[in-house]
Each structure stands twice: as structure tokens, then as C-alpha cells.
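# A structural walkthrough
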Amino acid sequence: MTSPTPSHTPTTAAFYMQAVLSFGLSLTAVGIGVVFLPVDGWVRAFLGIAMLYTVTSAFTLAKVLRDRQEDSYITSRVDRARLDKLLTDHDPFKIDAV
């Protein structure tokens, strides 16, 4: 009567390494681009700070989205457990005494 809970598949080491390398490569490429940009030092500094701000805000956004997803998953599990208990306790053939 109950649907099985979705199984949590762990992240493989290869996928984790790919994500880390991809992040490192993209951050390095943008950093090199900012350093060798033919502009004044103030412009380079501004672009460097903007790049760091973008990276930190991306990490924060990813964390907030992950936390929101985990909260909704836990809430749905609690709701499912309550429904299962109600369905288990309900006896449609029980006759209430008057």
C-alpha cells in the first residue's frame, strides 16, 4: 500500500572528481583572463572581486537549494508516515457500539 522511499544514490568518485576539476579549471581560466586583460589595475581588481562574489554566491545558492530540497523530502516522509499510520489503524469493518 505504501510506495517505497526513493533510494539515495551516492555520488560516484568519478563524478565528484569531474565536478571538482571542472570548477577548478573554469575558475582558473576566468582568473587568467582577468589578469591578462589589457585594462587598468582598478578594472582588473573590480573584475576579480566580482568573480569571487559570483563564486561565493553560487556556493550559497547551491547550499540553500539543497537544504530546501532536503526539508521538503523530510516533510513528505513525515506526511507519508502519518498517512500510513492512519490507513493501518483504520478498520472499515469495525462496528462502533452505540
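All of these numbers come straight from a predicted model, not from anything done at the bench. (Residues numbered from 1 in each chain as written. Predicted model: local features only at pLDDT ≥ 70, side-chain atom pairs only at ≥ 80, totals over all residues. Heavy atoms only, no water.)

## Digging into the overall build of the chain
Quick note on the threshold: Numbering of helices and strands runs from the N terminus, with a helix taken as a DSSP run of H or I at least four residues long and a strand as a DSSP run of E at least two residues long. Buried residues are those whose accessible area, probed at 1.4 Å on protein chains only, stays under 20% of the maximum for their type, while exposed residues exceed 50% and partly exposed ones sit between those limits. Here, Shrake-Rupley sampling with a 1.4 Å probe gives the accessible areas, and only protein chains in the shown set may cover a residue.
For the chain, the helix and strand inventory stands at two helices and zero strands. Residues classed as buried in the chain amount to 6% of the 98 residues present. For the chain, the exposed area adds up to about 9100 Å²; of that, 69% sits on carbon and sulfur atoms.

## Observations regarding the pattern of salt bridges
Condition: What makes a salt bridge here is a side-chain nitrogen of Lys or Arg within 4 Å of a carboxyl oxygen of Asp or Glu, nothing more.
A complete count under the given rule lists two salt bridges for this structure. Ionic pairing is found between Asp-67 and Lys-63, a salt bridge with its closest N-O pair at 2.6 Å. Residue Asp-67 and its partner Lys-63 are located together in helix 2 (residues 41-89), separated by four residues, close to a single helical turn. For Asp-67, a relative accessible area of 24% corresponds to the partly exposed category. With a relative accessible area of 45%, Lys-63 lands in the partly exposed category. Residue Asp-67 pairs with Arg-66 through a salt bridge whose shortest N-O separation is 3.2 Å. A single salt-bridge network, built from bridges that share partners, covers Lys-63, Arg-66 and Asp-67.

Just distances and angles here, no functional claims.
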